[in-house]
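# A look at the structure
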Amino acid sequence: MKRSAATLGQVHYATSRNAWLGYPGYVQDMIIRSGARHVLELGGGANPAIPLEFLREHGVEYTVLDISPTELAKAPAGYHKVCGDIGAAELAFEGIEGRHDLVFSKMLAEHVKNGEQMHRNVFRLLAPGGKAIHYFPTLYAPPFVANRLMPERVADRLLQWLEPGREKDGNKGKFPAYYSWCRGPTHRQFARLQGLGYVVDEYIGFFGHHAYYRRIPGMRNLHRWFSSWLVEHPFPTLTSACYVVLSKPVETITMIKA
Ligand SMILES: C[S@@+](CC[C@H](N)C(=O)[O-])C[C@H]1O[C@@H](n2cnc3c(N)ncnc32)[C@H](O)[C@@H]1O
């Protein structure tokens with residue numbers, strides 16, 4: 001993983017090859033290292049990211065929040081499931097505010113209409129010193145720009161053609177994507193998150209979309225080469241996905257306007 005001159009905190013770059021499969025382990029590692037006991041997964045839907053055995057072994061109280069009761073119903077029994085919209089301005093915080101050591105998401109953020117509101121809500125859900133981790137696709141990687149511009153039905157068909165196993169694999173169809181606040185490690189993105197009170201611990205930008213070009217051999221090789229080149233010569237606006245690790249400071253100062 002390439003480390004950039006980290007004027008913007010801990011920024012690293014890598015190809016997207018292991019990003020998807022590596023994410024549950026990355027979160028589990030954080031749970032172990034931080035000793036998190038109260039963990040909330042956002043948009044876990046049908047596929048909660050952390051296995052029940054791991055949660056039992058490490059004594060973790062785990063909740064899966066999702067906007068869709070249908071998706072939650074597909075998740076295995078044994079998970080504590082809550083239905084709600086993490087992007088809602090009027091999220092009901094009673095009993096859950098400031099309670100979580102770790103709040104994380106996997107492929108959720110791009111589906112939330114108002115990214116700023118989502119990050120604000122997560123900040124309130126975190127205990128002081130708690131951490132948030134998000135894994136999301138980013139603009140302006142070309143396939144995601146196309147996804148945003150195309151009519152939903154066309155994007156759906158294209159996705160099925162590029163990734164035929166997608167429906168069976170567990171992503172269970174496609175959810176509308178908005179990409180609000182889904183960007184690589186740009187100055188603007190840092191300013192936005194820090195403006196809400198977060199400390200940015202780590203921002204890993206991934207290049208390429210390794211699952212997409214399996215069906216186009218020439219493109220696949222060119223794409224591999226270009227992704228590796230970008231890791232060495234990174235443009236934060238061209239990442240295809242990111243892991244972002246944020247901390248809520250132990251002491252926060254509320255700013256009020258004069
Ligand atoms: C692409 S799926 C990802 C599911 C799972 N995290 C995974 O990686 O397989 C996106 C999930 O986010 C949920 N979702 C979309 N918007 C949401 C919101 N505003 N609040 C909570 N969940 C939301 C969807 O219902 C869906 O389960």
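Because the structure is a prediction, the values reported are computed rather than measured.

With that out of the way, let us pick up the overall build of the chain. A count of helices and strands for the chain gives 9 helices and 9 strands. Looking at the chain as a whole, 34% of its 258 residues qualify as buried. Pairs at least 24 residues apart make up 75% of the contacts formed inside the chain by residues separated by at least 6 positions.

This next bit is on the site of the ligand. Surrounding the ligand, one finds 20 residues, the nearest of these being Gly43, Gly45, Asn47, Ile67 and Ser68. Class assignment for the residues of the shell around the ligand results in 7 nonpolar, 9 polar and 4 charged.

This part takes up helix 4 (residues 115-125). Residues of helix 4 that are buried include every one of Gly115, Met118, His119, Asn121, Val122 and Leu125, and no others. Buried residues of helix 4 fall within an arc of 160 degrees about the axis and therefore sit on the same side. Buried residues along helix 4 sit against strand 3 (38-42), strand 6 (100-106), strand 7 (126-137) and helix 8 (187-195).

Mapped onto the elements, Thr138 comes out in the loop between strand 7 and helix 5 (142-149). Taking C-alpha positions, Thr138 is 9.3 Å from Ser180, a pair spaced 42 residues apart along the chain.

Attention now moves to unusual backbone geometry. Cis geometry is adopted by the peptide bond preceding Tyr140, which originates at Leu139 and carries an omega value of 15 degrees. Relative to the helices and strands, Tyr140 resides in the loop between strand 7 and helix 5. Despite not being glycine, Tyr179 shows a phi value in the positive range, around 60 degrees. Note that Tyr179 resides in the loop between helix 7 (166-171) and helix 8.

Here we take up the pairing of strand 8 (residues 199-207). Of the pairings in the sheet, the one linking strand 2 (residues 11-15) to strand 8 comprises 5 bridges and is parallel in character. Within strand 8, the residue paired with Ala14 across the bridge is Phe206. Across 7 bridges, the pairing between strand 8 and strand 9 (residues 241-247) is antiparallel. Its bridge partner being in strand 9, Val199 is matched across the sheet by Ser247.

Pairing geometry for strand 4 (residues 61-66) and strand 5 (residues 80-83), over 4 bridges, is parallel. Directly across from Val64, in strand 5, lies its bridge partner Lys81. Read from strand 4 through helix 3 (residues 69-74) to strand 5, the crossover connection turns out right-handed.

On to the nonpolar core. Among soluble globular proteins, nonpolar side chains are generally buried collectively. Of all hydrophobic cores here, the largest spans 50 residues; its most connected members are Val39, Val103, Ala109, Phe136, Phe206 and Cys242. Not counting residues within four places of it along the chain, the set of residues in contact with Phe136 comprises Met107, Ala109, Glu110, Cys182, Ala241 and Cys242.

Attention now moves to the environment of Pro24. Position of Pro24 among the secondary structure elements: in helix 1 (residues 19-34). For Pro24 and Ile50, which are 26 residues apart along the polypeptide, the C-alpha to C-alpha distance reads 6.3 Å.

For the chain, the average pLDDT comes to 88, and 88% of its residues sit at 70 or higher. pLDDT under 50 marks residues 3-7. Its contacts with residues more than four places away, or in other chains, come to 5 contacts. Note on residues 168-173: pLDDT under 50 across the span, and 6 contacts to partners over four residues away in sequence or across chains.

Turning next to the environment of Asp66. Considering the arrangement of structural elements, one finds Asp66 in strand 4. Along the backbone, Asp66 and Ala46 are 20 residues apart, and their C-alpha atoms lie at a distance of 9.1 Å.

What counts and how
- Residues numbered from 1 in each chain as written.
- Predicted model: local features only at pLDDT ≥ 70, side-chain atom pairs only at ≥ 80, totals over all residues.
- Helix = DSSP H or I, 4+ residues; strand = E, 2+ residues; numbered from the N terminus.
- Buried ≥ 20, exposed ≤ 12 C-beta atoms within 10 Å, placed from the backbone.
- Contact = placed C-beta atoms within 7 Å.
- Near = placed C-beta within 6 Å.
- Nonpolar A, V, L, I, M, F, W, Y, C, P; charged D, E, K, R; others polar.
- Arc of directions from axis to C-beta.
- Pairing = 2+ DSSP bridges.
- Right-handed = clockwise from strand over helix to strand, strands pointing away.
- Core = buried A, V, L, I, M, F, W, Y, C linked by C-beta atoms within 7 Å.
- pLDDT = per-residue confidence, 0-100.

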